[in-house]
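Observations on the three-dimensional arrangement
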Amino acid sequence: MKTIFVRDVDQKRDWYIIDAAGKPLGRVAAKAASVLRGKNKATYTPNQEMGDYVVIINAAQVAVSGNKEDDHLYRHYTGFVRGLRTYSFKKLIERHPTDPLKLTINGMLPNGRLGRKMLGNLKIYAGAEHPHGAQNPKPLEV
């Protein structure tokens, strides 16, 4: 049996849109990461960027269960002495509404060059408006 490799030139990439309003954070992130990796295609190869583009709207209204709004902590190190900054989910979503989704999806992608390239195909917006209407994104259910 011969292994099939699809070149970037021959690759067909689609655009998908996910409405995250009221949906669980992990479910939205898992679906987006799967499409970004290309696992929804028959030509999936783990060492190539095969994925599609994903647009996520209403990221500020993503839901978390239990006490995670207050208890789940996001950490950021500035690089200076005593520079560890800690934010709860509630504080982070107030300051940067797209960051919890971006950080969660980034954790589900491969580390290194390939994962950073896949993360470039992700577009996250806090509200319902987005500038990708010309690409005719297909709705993706979570």
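Nothing here was measured: the structure is a model prediction, and the numbers come from that model. (Residues numbered from 1 in each chain as written. Predicted model: local features only at pLDDT ≥ 70, side-chain atom pairs only at ≥ 80, totals over all residues. Heavy atoms only, no water.)

Some remarks on the packing of aromatic side chains
Quick reminder of the rule: Stacked, tilted and edge-to-face are the three classes assigned to paired rings of Phe, Tyr and Trp, where Trp is represented by its six-membered ring and a pair needs centres within 6.5 Å; plane angles under 30 degrees give stacked, over 60 edge-to-face, the rest tilted. Only DSSP runs of H or I covering at least 4 residues are called helices, and only runs of E covering at least 2 are called strands; the numbering of each starts at the N terminus.
Under the criterion given, the structure shown has one aromatic pair. Judged by centre distance (4.5 Å) and plane angle (10°), the rings of W15 and Y53 are stacked. You can see W15 sitting in strand β1 (residues 15-19) and its partner Y53 sitting in strand β2 (residues 53-57), a full 38 residues away along the chain.

So, the nonpolar core
What counts here: In this description, a nonpolar core means a group of buried Ala, Val, Leu, Ile, Met, Phe, Trp, Tyr and Cys residues linked to one another through side-chain atoms lying within 4.5 Å. Only protein chains enter the area calculation, which uses a 1.4 Å probe; residues under 20% of their type maximum are buried, those over 50% are exposed, and those in between are partly exposed. Between two residues, a contact is recorded if the distance between any of their heavy atoms is within 4.5 Å.
Ranked by internal contacts, the top residues of the largest apolar core, which has 26 residues, are I18, V54, I56, L101, I105, L109 and L122. Within the residue set of this core, elements represented by two or more residues are β1, α1 (25-37), β2, α3 (89-95), α4 (99-108), α5 (113-119) and β5 (122-124). Among the elements that take part in this core, α1 stands out by supplying seven residues, more than any other. Setting aside residues up to four positions removed in sequence, I105 forms contacts with A29, A32, A33, L36, I56, L119 and L122.

Things to note about the sheet that holds strand β6 (residues 138-139)
Note the cut-off: For two strands to be treated as a pair, DSSP must find at least two bridges joining them.
Within the open sheet, the four strands sit side by side as β5-β2-β1-β6. Their pairing is parallel. The open sheet terminates on both sides in strands that have one partner only, identified here as β5 and β6. Of the strand pairs in this sheet, β1 and β2 are connected by five bridges, and their pairing is parallel. Its bridge partner lying in β2, D19 is registered against I57.

Describing the pairing of strand β4 (residues 84-88)
Consecutive side chains of a regular strand alternate in pointing toward one face of the sheet and then the other. Sheet topology places strand β3 (residues 73-77) next to β4; five bridges connect them, and they run antiparallel. Its bridge partner being in β4, Y77 is matched across the sheet by L84. What sits between the antiparallel neighbours β3 and β4 is a turn of six residues, in which G79 has the positive phi angle 105°.

Digging into the environment of R37
Note that R37 resides in helix α1. Its relative accessible area of 17% is what places R37 among the buried residues. Residues R37 and D14 lie 23 residues apart in sequence; the distance between their C-alpha atoms is 13 Å. Apart from residues no more than four positions distant in its own chain, R37 is found in contact with Y44, P46, M50, G51, L109, P110 and M118.

So, the environment of V64
Within the secondary structure layout, V64 lies in the loop between β2 and α2 (68-71). By relative accessible area, V64 is classed as partly exposed at 23%. Through-space distance from the C-alpha of V64 to that of L25 is 6.0 Å; in sequence the pair is 39 residues apart. Not counting the four nearest positions on each side in its chain, V64 is found in contact with L25, E69 and F89.

Description of α4
Going by this rule: The directions considered for the arc are those from the helix axis to the C-beta atoms.
Along α4, the residues that are buried comprise P100, L101, T104 and I105. Each buried residue of α4 lies within a common arc of 120° when the element is viewed along its axis, so the set occupies one face.

Here we look at the side chain of H132
Tracing the sequence through the fold places H132 in the loop between β5 and β6. For H132, a relative accessible area of 11% corresponds to the buried category. Those residues within four positions of H132 in sequence are excluded, and the remaining contacts are W15, V55, K123, Y125 and P137.

It is worth stressing that arrangement in space is one thing and function is another; only the former is reported here.
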